[in-house]
Protein chains: 2
Amino acid sequence: MLSIGQLSARTGVKVPTIRYYEKMGLIAPPDRSVGNQRRYEPDALRRLSFIKHGRDLGLSLEAIAELIDLADDPARSCADADRIAREHLSAVQDKIARLKRLERELTRIASRCTGHTIGECYVIQALSDHALCDDEH
Amino acid sequence: MLSIGQLSARTGVKVPTIRYYEKMGLIAPPDRSVGNQRRYEPDALRRLSFIKHGRDLGLSLEAIAELIDLADDPARSCADADRIAREHLSAVQDKIARLKRLERELTRIASRCTGHTIGECYVIQALSDHALCDDEH
DNA sequence: TGTAATCTCTATAGTCGCTATAGGTTCAAG
DNA sequence: CTTGAACCTATAGCGACTATAGAGATTACA
Ligand SMILES: [Zn+2]
Ligand SMILES: [Zn+2]
Ligand SMILES: [Zn+2]
Ligand SMILES: [Zn+2]
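Quick notes on the rules
- Residues numbered from 1 in each chain as written.
- Chains lettered and ligands numbered in written order.
- Predicted model: local features only at pLDDT ≥ 70, side-chain atom pairs only at ≥ 80, totals over all residues.
- Heavy atoms only, no water.
- Core = buried A, V, L, I, M, F, W, Y, C linked by side-chain atoms within 4.5 Å.
- Buried < 20%, exposed > 50% of the residue type's maximum accessible area, 1.4 Å probe, protein only.
- Helix = DSSP H or I, 4+ residues; strand = E, 2+ residues; numbered from the N terminus.
- Donors = N, O, S within 2.8 Å, 3.2 Å for Na, K, Ca; no water.
- Tetrahedral: all angles 85-135°; square planar, octahedral: opposite > 155°, others 65-115°.

Undergrad: I tried to follow the nonpolar core on my own but got confused; where do I start?
TA: One broad rule of soluble globular proteins: the nonpolar side chains tend to lie buried together. In terms of nonpolar packing, the biggest core is built from 79 residues, with A:I18, A:L67, A:A81, B:I18, B:L67 and B:A81 touching the most fellow members. When residues of this core are assigned to their parent elements, the largest contribution, 11 residues, is made by helix α5 (residues 79-111) of chain B.

Undergrad: Help me understand the coordination of the zinc ion (ligand 1) in this model?
TA: Reference values for angles at a metal are 109.5 degrees in the four-donor tetrahedral case and 90 or 180 degrees in the six-donor octahedral case. Around the zinc ion (ligand 1), the protein contributes the donor atoms A:C113 (SG), A:C121 (SG), B:C78 (SG) and B:D82 (OD), at 2.1 to 2.3 Å from the metal centre. One can describe the site at the zinc ion (ligand 1) as tetrahedral: its four donor atoms subtend angles covering 94 to 122° at the metal. Both residues of the pair, B:C78 and B:D82, count as buried.

Undergrad: Would you take a moment to explain the coordination of the zinc ion (ligand 3) for this structure?
TA: Here the zinc ion (ligand 3) is held by the protein donor atoms A:C78 (SG), A:D82 (OD), B:C113 (SG) and B:C121 (SG), which lie 2.1 to 2.3 Å from it. With four donor atoms in place around the zinc ion (ligand 3) and angles of 95 to 124° between them, the coordination shape is tetrahedral. One end of the pair, A:C78, is in the loop between α4 (61-71) and α5 (79-111); the other, B:C121, is in the loop between α5 and α6 (122-128), on a second chain.

This is how it looks when you write it as C-alpha cells:
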C-alpha cells in the first residue's frame, strides 16, 4: 500500500495533481487509512504512469480517459485508439506548422532592429504593421 | 467615433475580447455615449491592431503590455523591446523542438499498430511503457 | 509515552486568454 | 413609435493544473 506521496515520488506526478485526476474520474478513489488518508494498491502505479505518459505525449485528459476505457477491454477493436493517436499526431503537426511560421517571422523581426531607440525599433514597427510581415499567422 | 462592434469588425478582435483587454488595462477605457455605450476614437484602431498583431505572433498579454508602454516613449532605448522579441522567439523554438520530438514518437506509435484488437494494439502498449519510446518527452 | 517533524486532508482561489450566458438597456432604421 | 440589433454588466466556465490556508494524521526518535 502506497501513500499519495509515495505514489507521487514513484511516478513523478505531483500530489495535488493525483488528487485532481481522482476528482476528474481518471483514477478510482482508493481505500483510506483509519485517519482518512489515501492508500493505493501497487496497480495504481500502472494507471498513473499510463496517464502521465499520455500527458507527456501531449494527449488531453479526455483522450486519456477514452484510452483507459478502451484498454480495459482487450477483445475490442483498436480502431478508436488508433484514431485518437492519429488525430493527436495531426494536431501536433498543425501546431508545428503554425509555430514554424511564427519562428520565421520572429527571427526576421528580432534580427532586423538596427536602431538604438524605440522610435527606430523594428520590433515596435513590425508589431504596428502586419503589412511588414511575409506571412499570415 | 466607433462603437465597440465597429471596432471589432475592423480589427477582427471579438467584442467580449475588447472589453476583456480594457479590464486587463491593455486599452484605456473610452468615452461613453449618453446611454453608457463605449465610443472609440480612431486611434483605438491602432492600439487594438497592435495588440492583435502581438497575439497573432504568440506574445502574452503581459509582454504586449510592456511593449505598449515602451512604444509610448520613442526616445528610450529599445533594448527591452528587442529582448522581449528574442525571448519569445526562443520560447517558440523550444516549443517547436518539443513538438518535433512528440511528432517523431507519435508517428512511430501511430504507424506501428498491426493488431486488430486492443489486446494487440501498439498505441495502448506504447502508452503503457515509456521504455518503448526512443526519446524523452 | 511524548513530542516534533513531516505528511496528508478538504476547500477554495488563482493561473491564462478568452468565451458563453443571463437579464437588462440603448440605439438606429423605417 | 416600434422593432430588432447592438450594447451593457456581472458571473461562470474552459483545461490542466498550482497555491494557499487551516486542520488533522502519521512516523521517527528519545
Ligand atoms: Zn529595437
Ligand atoms: Zn504579421
Ligand atoms: Zn491499434
Ligand atoms: Zn514515452
